[in-house]
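These are the residues of each chain, in order.
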Amino acid sequence: MSTLNVDHIRSFLAVLENGSFTAAAQALGVRQSTVSGHIARLELALDRSLLMRDTHRVAPTPDGQALIGFAREVLEAHDRLRAFFSPGGLRGRIRLGVSEDYTLSALAHVLARFAERHPSVDLQLTVGLSRTLYQGYDAGELDVIFCKRRRGDPRGELAWAEELIWAGRPGFVPNPELPLPLVLYPPPSMTRTLALNALDAAGRPWRIACTSGSLMGVRAAVEAGLGIAPHSARVMPPGLAPIPTLAGLPPIGDVEFVVLGPGRQHAVATALQETILASSAELQAVPEV
């Protein structure tokens with residue numbers, strides 16, 4: 001099989017989408033003979049007949065029908081690649097919302113690379129809790145969000161999943177005879193829900209010792225010894241430590257981090273999403289302290 005040409009594939013889809021060689025040529029801004037040549041060379045490269053032609057219509061052959069899905073994926077990947085690496089070709093404004101959990105990671109370096117690659121894009125950053133970011137996205141106030149996946153919400157591309165553990169002040173071991181003191185975000189926090197569900201399933205009594213709407217507030221309360229909190233197993237800040245397993249606390253479970261955007265038709269958002277997803281290993285690295 002010969003190497004396939006993206007322009008030939010684009011012409012093939014244009015013929016089917018526009019219903020004729022003439023209309024496809026008009027849509028692509030080329031001559032009809034060019035489209036005909038592209039189809040002929042594509043059929044030669046694949047050694048398959050792809051289109052059935054008569055005086056009234058053009059229809060795909062069985063092999064042509066099988067090619068449609070592949071062709072669309074190839075063109076989408078090609079266009080995304082061109083947009084991603086285009087030197088200054090992307091322009092406009094993109095409003096990015098990022099979970100507080102990862103402001104201490106390598107995110108700044110990732111966004112700096114994006115800005116260097118696309119200097120004509122105005123990047124506006126909002127940092128907050130995941131629930132707030134979802135609200136902003138659903139209200140049209142944010143274009144792309146990078147945060148924990150909301151329970152029951154299938155949207156977004158998975159960046160990674162990570163384990164949550166119980167974190168407290170170093171050396172803190174909860175008294176098993178007393179309700180477990182908790183430091184949590186207010187509802188409908190995802191980590192709060194996971195933590196309380198795990199404790200209820202294990203039959204472990206608990207009490208809310210402190211509620212804070214910010215990551216720094218939760219960490220300060222835990223560091224002060226007011227209680228313990230569910231936290232990422234990898235990104236443990238100074239002043240906090242995992243609760244020892246001898247405390248017998250139930251596992252909390254995993255949380256998924258996703259990137260959610262408006263779709264592939266938005267070239268700037270697509271380039272930003274691809275940058276974040278391609279940098280997932282870097283973003284998961286434990287920051288130096």
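The preceding data block contains the structure.
Residues numbered from 1 in each chain as written. Predicted model: local features only at pLDDT ≥ 70, side-chain atom pairs only at ≥ 80, totals over all residues. Heavy atoms only, no water.

**Comments concerning the overall build of the chain**
Worth spelling out the cut-off: Only DSSP runs of H or I reaching four residues or more are called helices, and only runs of E reaching two or more are called strands; each is numbered from the N terminus. In this treatment the radius of gyration is a C-alpha quantity, and the globule benchmark scales as 2.2 Å times the residue count to the 0.38 power. Only protein chains enter the accessibility calculation, which uses a 1.4 Å probe. A residue is then buried if its area is under 20% of the maximum for its type, exposed if over 50%, and partly exposed in between. We call two residues in contact when some of their heavy atoms are within 4.5 Å. Here the open area of atoms and residues is found with the Shrake-Rupley method and a 1.4 Å probe, where only the protein chains shown may cover a residue. Charge assignment in this entry is limited to Lys and Arg as positive and Asp and Glu as negative, and neither His nor the chain termini are counted. Where a charge lies is defined by one atom per residue type, namely NZ (Lys), CZ (Arg), CG (Asp) and CD (Glu).
Across its full length, the chain holds 10 helices and 11 strands. The globule rule puts the C-alpha radius of gyration for 289 residues at 19 Å, and the 26 Å found for the chain is more than 25% above it. Based on the C-alpha atoms only, the size of the chain along its principal axes is roughly 85 × 40 × 35 Å. When burial is assessed residue by residue, the chain has 46% of its 289 residues classed as buried. In the chain, of all internal contacts separated by at least 6 residues, the share reaching a separation of at least 24 is 74%. When the accessible area of the chain is evaluated, it comes to approximately 14,700 Å², of which 54% is carbon and sulfur surface. Of the charged side chains in the chain, 27 are positive and 28 negative, and the gap between their average positions amounts to 3 Å.

**Here's the deal with helix 9 (residues 267-278)**
For clarity, the threshold we go by: To estimate how far a helix should reach, multiply one less than its number of residues by 1.5 Å.
For helix 9, built from 12 residues, the straight-helix expectation of 16 Å at 1.5 Å per residue is met to within 8% by its first-to-last C-alpha distance of 16 Å. Along helix 9, 10 of the 12 residues are buried, which leaves the element largely enclosed by surrounding structure. Buried residues of helix 9: Val268, Ala269, Thr270, Ala271, Leu272, Gln273, Glu274, Thr275, Ile276 and Leu277, and no others.

**Concerning the nonpolar core**
Put simply, the rule is: Here, nonpolar core means buried Ala, Val, Leu, Ile, Met, Phe, Trp, Tyr and Cys residues that are tied together by side-chain atoms lying within 4.5 Å of each other.
By size, the foremost hydrophobic cluster in this structure holds 40 residues, and its most contacted members are Phe146, Trp166, Leu182, Ile228 and Leu272. Excluding anything up to four places from it in sequence, Leu272 contacts Ile94, Leu96, Leu111, Phe114, Leu123 and Val144. One finds Leu13, Ala14, Leu67 and Ala71 within the second-largest nonpolar core, a separate group that totals 19 residues.

**Thoughts on the side chain of Ser189**
Definition in use: Identification of polar contacts relies on pairs of N or O atoms within 3.5 Å, with a donor-acceptor requirement for protein atoms, meaning one able to donate a hydrogen and the other able to accept it, and with residues adjacent in sequence counted only if both atoms are side-chain atoms.
With respect to the helices and strands, Ser189 occurs in the loop between strand 7 (180-184) and helix 7 (190-202). A polar side-chain atom of Ser189 sits 3.1 Å from a polar atom in the side chain of Thr191.

**A short note on the pairing of strand 8 (residues 206-211)**
Using the following cut-off: The pairing criterion is simple: DSSP has to find at least two bridges between the two strands. By convention, orient the strands away from the viewer: a clockwise path from the first strand over the helix to the second makes the crossover right-handed.
Pairing between strand 7 and strand 8: five bridges, direction parallel. From the neighbouring strand, Leu184 faces strand 8, where its bridge partner is Thr211. The β-α-β motif built from strand 7, the intervening helix 7 and the parallel element strand 8 has right-handed crossover chirality.

**As for the packing of helix 5 (residues 107-117) against helix 9**
Spelled out, the test is: Every angle, taken between N-to-C directions, lies between 0 and 180 degrees, and every axis is a line fitted to C-alpha atoms, over only the stretch in contact when it is a helix. If an angle is under 35 degrees, it is roughly parallel; if it is over 145, roughly antiparallel; if it lies from 65 to 115, roughly perpendicular; otherwise it is oblique. Handedness of a crossing is defined here by the sense of rotation of the near helix relative to the far one, left-handed for an anticlockwise turn of less than a right angle and right-handed for a clockwise turn. The classification used treats Ala, Val, Leu, Ile, Met, Phe, Trp, Tyr, Cys and Pro as nonpolar, Asp, Glu, Lys and Arg as charged, and all other residues, Gly among them, as polar.
It is the contact of helix 5 with helix 9, at a shortest axis distance of 10 Å, that shows an interaxial angle of 140 degrees. Overall, the two elements helix 5 and helix 9 adopt an arrangement that is oblique. When you trace helix 5 past helix 9, the crossing you get is right-handed. On helix 9, the residues that touch Val110, Leu111 and Phe114 of helix 5 are Val268, Ala271, Leu272 and Thr275. Taken together, the residues of the contact of helix 5 with helix 9 sort by class into six nonpolar, one polar and no charged.

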